[in-house]
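One letter stands for each residue in the lines below.
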Amino acid sequence: MVYKTFQDMKLSALGMGCMRLPVLNGDDAKVDEKAAAEMVGYAMAHGVNYYDTAWGYHSGQSELVLGKALAQYPRETFYLADKFPGYDLSNMGKVQEIFEEQLKKCGVDYFDFYLFHNVCEMNIDAYLDPQYGIFEYLMEQKKNGRIRHLGFSCHGNLPVLKRFLEAYGSHMEFCQLQINYIDWTFQNGKEKVDLLNEYHIPVWVMEPLRGGRLARLSEQEAAPLKAMRPEETIPAWAFRFLQSIPSVTMILSGMSDMEQMKANIATFAEEKPLSAGEMEGLLEMAQGMVSKSALPCTACHYCVSHCPQGLDIPSLLALYNEHSFTGGGFIAPMVVSTIPKEKQPSACIGCRSCEAVCPQQLKISEAMADFAAKLGA
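Presented here is an overview of the structure given in this document.

Definitions and cut-offs
Residues numbered from 1 in each chain as written. Predicted model: local features only at pLDDT ≥ 70, side-chain atom pairs only at ≥ 80, totals over all residues. Heavy atoms only, no water. Helix = DSSP H or I, 4+ residues; strand = E, 2+ residues; numbered from the N terminus. Rg over C-alpha atoms; globule rule 2.2 N^0.38 Å. Buried < 20%, exposed > 50% of the residue type's maximum accessible area, 1.4 Å probe, protein only. Areas by Shrake-Rupley, 256 points an atom, 1.4 Å probe, with all protein chains shown as cover. Lys, Arg positive; Asp, Glu negative; His and termini not counted. Charge placed at Lys NZ, Arg CZ, Asp CG, Glu CD. Polar contact = N/O pair within 3.5 Å; in protein donor to acceptor, adjacent residues only side chain to side chain. Arc of directions from axis to C-beta. Salt bridge = Lys/Arg side-chain N within 4 Å of Asp/Glu carboxyl O. Contact = heavy atoms within 4.5 Å. 1 Å grid on protein atoms, 1.4 Å probe; cavity = no way out; pocket = protein on both sides within 12 Å on 5 of 7 lines; lining within 4 Å. Points joined across faces, edges and corners; volume = space filled by probe spheres on them. Pairing = 2+ DSSP bridges. Axes fitted to C-alpha atoms, helices over the stretch in contact; angles between N-to-C directions. Disulfide = S-S within 2.5 Å. Core = buried A, V, L, I, M, F, W, Y, C linked by side-chain atoms within 4.5 Å. Phe/Tyr/Trp six-rings, centres within 6.5 Å; stacked < 30°, edge-to-face > 60°. Lys NZ or Arg CZ within 6 Å of the ring centre and 35° of its normal.

**As for the overall build of the protein**
The helix and strand tally for the protein stands at 17 helices and 12 strands. Relative to its length of 377 residues, the protein is compact, with a C-alpha radius of gyration of 21 Å against a globular reference of 21 Å. Considering the protein as a whole, with its 377 residues, one finds that 53% of them fall into the buried category. Just so you have it, the protein exposes about 16,300 Å², and 51% of that area is on carbon and sulfur atoms. Distance between charge centres in the protein, computed from 33 positive and 45 negative side chains, equals 1 Å.

**Looking at the side chain of E221**
The residue E221 is located in helix α9 (residues 219-228) in this model. Reaching out from E221, the side chain makes a polar contact with the side chain of R213 at a distance of 3.0 Å. Polar side-chain contacts of E221 include one of 2.8 Å to the backbone nitrogen of S218.

**Let's talk about helix α6 (residues 158-168)**
Turning to α6, its buried residues number three or more, namely L158, V160, L161, F164, L165 and Y168. Across the axial projection of α6, the buried residues extend over an arc of 160°, all falling on one side. In α6, the exposed positions angled more than 90 degrees off the buried face are occupied by P159 and E166.

**Thoughts on the pattern of salt bridges**
Note that side chains of opposite charge can pair when their charged atoms are close. In this structure the tally under the stated criterion is 21 salt bridges. Salt-bridge contacts for R210 lead to E322; the nearest nitrogen and oxygen are separated by 2.7 Å. Linking R210 in the loop between β11 (203-206) and α9 with E322 in helix α14 (residues 313-326), this pair joins segments that are 112 residues apart in sequence. As a salt-bridge pair, K272 and E231 come within 3.5 Å of each other at their nearest N and O atoms. Here the residue K272 occupies a position in the loop between α11 (258-267) and α12 (276-291), and E231 occupies one in the loop between α9 and α10 (234-243), the gap between them amounting to 41 residues.

**Let's talk about the side chain of E355**
Tracing the backbone through its elements, the reader meets E355 in helix α16 (residues 353-357). A distance of 3.2 Å separates a polar atom in the side chain of E355 from the backbone nitrogen of I364. Setting aside residues up to four positions removed in sequence, E355 forms contacts with Q361, L362, K363, I364, S365 and E366.

**Things to note about empty space enclosed by the protein**
Enumeration according to the criterion identifies 3 cavities of 30 Å³ or more in this entry. In this structure, the largest cavity spans a volume of roughly 110 Å³. Taken together, 16 residues form the lining of the largest cavity, with C307, I313, C348, C351 and C354 sitting closest to its centre. Those elements that place two or more of their residues in the lining of the largest cavity are α16 and α17 (364-374).

**Comments concerning the sheet that holds strand β6 (residues 50-52)**
The strand order β3-β6-β7-β8-β9-β10-β11-β12 describes a closed barrel built from 8 strands, whose pairing is parallel. Geometrically, the sheet is characterised by an average inter-axis angle of 30° between neighbouring strands, direction not taken into account. Here strand β8 (residues 111-119) runs beside strand β9 (residues 147-154); their pairing, made up of 6 bridges, is parallel. In the sheet register, F113 faces β9, and the bridge partner there is H149.

**Describing helix α8 (residues 189-198)**
Buried within α8 we find G189, K192, V193, L195 and L196. An end-on view of α8 places all buried positions within 160° of arc, on one side of the element. Where α8 is buried, its residues meet β9, α6, β10 (175-178), α7 (183-186) and β11. Within two residues after α8, H200 carries a phi angle of roughly 60°, on the positive side.

**Section: the state of the cysteines**
According to the stated counting rule, one finds 0 disulfides in the structure shown. You can see C18 has no disulfide; the closest cysteine sulfur is in C106, sitting 9.6 Å from it. We classify C18 as buried; its relative accessible area is 0%. Among the cysteines around C351, which has no disulfide bond, C354 carries the closest sulfur, lying 6.2 Å off. With relative accessibility at 39%, the residue C351 sits in the partly exposed group.

**Quick look at the nonpolar core**
In this structure, Y51, F116, F152, Y181 and F241 are the most contacted members of the largest nonpolar core, which totals 89 residues. If near-sequence neighbours (up to four positions away) are discounted, Y181 is found in contact with L214, L217, W237, A238, F241, L282, L283, M285 and A286.

**Quick word on the packing of aromatic side chains**
Aromatic rings in a pair are described by how distant their centres are and how their planes are angled relative to each other. Counted by the stated rule, this structure contains 24 aromatic pairs. These aromatic residues form a ring-pair network of at least three members: F6, Y50, Y79, F113, F174 and W204. The lysine or arginine in question, R75, covers the ring of Y110, its NZ or CZ lying 4.1 Å from the ring centre. The side chain of K105 reaches across the aromatic face of W55, ending 4.8 Å from its centre.

**Things to note about the pairing of β9**
Most of β9 is tucked away, with 7 of its 8 residues classed as buried. In the sheet, β9 pairs with β10 via 3 bridges, with the strands oriented parallel. Residue pairing in the sheet places F152 in a bridge with C175 of β10.

Geometry only, nothing functional implied.
Below is the structure:
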């Protein structure tokens, strides 16, 4: 197992994310506790020492199941991470109640790592609102030793990340981001990492395989990778990409069966970062994947000045591309929900004034109509 240094700790470079544990009869709320415990046992035996759960994973069962599984091992042999569920705005006034319950559910006296969960457009104002006292409460728990290291995860765009860092960046010890070779440019992953580097905040990675999509490349997509490294498995390319980013310290993988666990642990038996040529080839292949479903908007903003509705078309197209490539997901709907109704895709009147000045000749009105339909608006 490859290990990374974090302050005075040695963390396994691979962490077990517990949002996709094995379940019974396809029911996400019914975790297969026996299979999950076996996976934790295998991980512990093969050097994985970081385990990540959250309040909402598996409808609240992840914390309970992981707590039971880890209770079989000395507390000092593993690092446990949990999160405050600010993705649900109704939780904002319950930080103390939820934190105490999380400790009980996990069966521990402290969390090694604790995060503001999913800082994004929807909750940034509430996270920064002093009336809820979330930051102050968590800092107090850190002072009392019940949180050893405080950080945050972020699915928001770059401006949201900047706002959070400007407010709390000097107190954050790590940041968990969705980073993979698709989102390096598609979701401004590189710019986000560069910003965190300015604050000297190391990166924790979530969705390294983008929900498994990067483990299931087509033959055409996989061909250039196999040509460069015939011995490397396709999923391993996603991890080798991340091993090539110096500030990446922890890579979380949500493994749902023992086969995935064994394959990932085998990959992390060594560190094999990409060469400059391999990186160029991988990112070129990734761009090809995205271009099949994404509209090539260059954000020139010519369209905006000609839209009678005043829509931020480039931003909406970026969200449309995300939603189309992912085949759904929560990110685009989450962001759109924070936009005033009169500025959402459904507000497009189909006048095509934007298309008359678009250098790329994009069918913007069709995209807005399709986006609105996919969002159920």
